[in-house]
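These are the residues of each chain, in order.
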Amino acid sequence: RVVVADSRSPRDGSYLEHIGTYNPLLAKDDTNRVRLVEDRVRYWLGVGAQPTDRVARMLDKAGIRERAATSNLTKGEPGKKAKDRAEDRAKKLAEAEEAAQAAKAAPVVEATPVAEAEPVADAAPVAESADPSGPDSDAAAEPENQGVSAQAPAEGAVEPGSEEPKVESSMDPAEGAPDIA
């Protein structure tokens, strides 16, 4: 309902006169979307009634009263909390940069040399090729793979069509830990 009401009365309270209807569910080009009693609207505007923004838009579209275009200058501006978060983020970034600069300017402490680790004796050697004839025989046997270099599979890698690799546990099975296979 489009009604004329005293500005001091509650929104859903009593009204002075019913002057039209508005159905937002109908299509915008439907004639029954906004129905106004034009002579009563003009009377109430003549005696000083002030339409709400939505009714002013309806009146402008109906050609009864022209509405001045408004622009919201703060439409794309972030809210207060978003601005506060951006300031906090900028402060933290500045503090992190200062800490990085301070770390670069700090004196360098020399580290004492550490003895090199000895190689593990019981480590399995890496297999160079699965084919006993050598890695170069694969490239010569298959002409379509001439552009592809033959590489040795990494330790524990699974080749297509082969079984899963066995992972050896570093723990002794006699100690009661299950062996992973």
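A. Seen up close, the overall build of the protein. Of regular secondary structure, the protein possesses 4 helices and 3 strands. If you list the helices and strands of the protein from N to C, you get β-β-β-α-α-α-α. Sorting the 181 residues of the protein into buried and exposed places 8% on the buried side. Relative to all contacts within the protein whose residues are 6 or more apart in sequence, the contacts with residues 24 or more apart total 19%. As displayed, the protein offers around 16200 Å² of accessible surface, 53% of which is attributable to carbon and sulfur atoms.

B. Main features of the sheet that holds strand 1 (residues 2–4). The strand order 1-2-3 describes an open sheet built from 3 strands, whose pairing is antiparallel. Lying at the two open borders of the sheet, with one neighbouring strand each, are strand 1 and strand 3 (34–36). Sheet twist, expressed as the average angle between the axes of neighbouring strands with direction ignored, equals 20°. Both strand 2 (residues 17–22) and strand 3 contribute to a ladder of 3 bridges, which runs antiparallel. Following the sheet pairing, Y22 is matched in strand 3 by V34. Contacts from helix 1 (residues 38–46) reach strand 1, strand 2 and strand 3 within the one sheet, and its direction differs from that of strand 2 by about 120°.

C. Examining the pattern of salt bridges more closely. Counted according to the given criterion, the structure contains 7 salt bridges. Measuring nitrogen to oxygen at the nearest pair gives 2.9 Å for the salt bridge that ties R42 to E38. Of this pair, R42 and E38 both sit in helix 1, 4 residues apart, roughly one helical turn. Residue E38 is classed as partly exposed on the basis of its relative accessible area, which comes to 39%. One salt-bridge network, held together by shared partners, links D53, R57 and R67.

D. Seen up close, the layout of surface pockets. Its volume calculated, the largest pocket comes out at about 680 Å³. Lining the largest pocket are 29 residues, with V3, V4, A5, Q50 and T52 positioned closest to its centre. Those elements that place two or more of their residues in the lining of the largest pocket are strand 1, strand 2, helix 1 and helix 2 (53–62). Its residues assigned to classes, the lining of the largest pocket comprises 17 nonpolar, 7 polar and 5 charged.

E. Expanded view of the packing of aromatic side chains. Applying the stated criterion across every chain, the model contains 1 aromatic pair. Ring centres of Y43 and W44 lie 5.3 Å apart, and the angle between their planes is 75°; this geometry places the pair in the edge-to-face category. By relative accessible area, which is 40% here, Y43 ends up partly exposed. On the basis of relative accessibility, which here comes to 18%, the residue W44 falls in the buried class.

F. Geometry of the pairing of strand 2. Bridge count between strand 1 and strand 2: 3 bridges; the pairing is antiparallel. The partner of V3 across the bridge, within strand 2, is H18.

G. Looking closely at the nonpolar core. Core analysis: the largest hydrophobic core is formed by 8 residues, namely V2, V4, I19, V41, W44, M58, L59 and I64. For this core, the secondary structure elements donating two or more residues are strand 1, helix 1 and helix 2. Look past the residues within four positions of I64 in its chain and what remains in contact with it is L36, E38, V41, R42, L45 and L59.

H. Structural context of the side chain of R33. Position of R33 relative to the elements: it lies in the loop between strand 2 and strand 3. It turns out R33 is buried and unbridged, and the closest side chain with the opposite charge, D29, is 8.0 Å from it. Engagement of the side chain of R33 in a polar contact is seen with the side chain of Y22, the distance being 3.4 Å. From its side chain, R33 meets the backbone oxygen of P24 in a polar contact 3.2 Å long.

About the criteria used
- Here the residue numbering is sequential within each chain, running from 1 through the sequence in written order.
- For this predicted model, a pLDDT threshold of at least 70 governs which residues receive local features, and a threshold of 80 or more governs which side-chain atom pairs are given and counted, while totals over whole chains, interfaces and linings are taken from all residues.
- The basis for every side-chain value is the complete set of non-hydrogen atoms in the structure, without hydrogens or water.
- Elements are defined by DSSP. Helices are runs of H or I of four residues or more, strands are runs of E of two residues or more, and each kind is numbered from the N terminus.
- Three exposure classes are used, based on accessible area relative to the maximum for each residue type with a 1.4 Å probe and protein chains only: buried under 20%, partly exposed in between, and exposed over 50%.
- Whether two residues are in contact is decided by their heavy atoms: any pair within 4.5 Å suffices.
- Only the protein chains shown count as cover for residues, and all accessible areas are computed by the Shrake-Rupley method using a 1.4 Å probe.
- Pairing between strands requires that DSSP locate at least two bridges from one strand to the other.
- In this analysis, axes come from line fits to C-alpha atoms, helices being fitted only over the stretch in contact, and the angle between any two N-to-C directions falls in the range 0 to 180 degrees.
- Should a side-chain nitrogen of Lys or Arg be within 4 Å of a carboxyl oxygen of Asp or Glu, the pair is scored as a salt bridge.
- Any residue with an atom within 4 Å of a point lines the site, the site being either a cavity, points on a 1 Å grid over the protein atoms alone where a 1.4 Å probe fits but cannot get out, or a pocket, an open set with protein on both sides within 12 Å along at least 5 of 7 lines.
- Grid points are joined across faces, edges and corners, and a volume is the space filled by probe spheres set on the points.
- Put simply, Ala, Val, Leu, Ile, Met, Phe, Trp, Tyr, Cys and Pro go in the nonpolar bin, Asp, Glu, Lys and Arg in the charged bin, and everything else, Gly too, in the polar bin.
- Two rings from Phe, Tyr or Trp (for Trp, the six-membered ring) form a pair when their centres sit within 6.5 Å of each other. Planes less than 30 degrees apart are called stacked, planes more than 60 degrees apart edge-to-face, and all others tilted.
- The set of buried Ala, Val, Leu, Ile, Met, Phe, Trp, Tyr and Cys residues whose side-chain atoms join them within 4.5 Å is what this entry labels a nonpolar core.
- Positive charge is attributed to Lys and Arg, negative charge to Asp and Glu, and no charge count is given to His or to the chain ends.
- Residues adjacent in sequence count toward polar contacts only when both atoms are side-chain atoms; beyond that, a polar contact is any pair of N or O atoms within 3.5 Å, and within protein one must be able to donate a hydrogen and the other to accept it.

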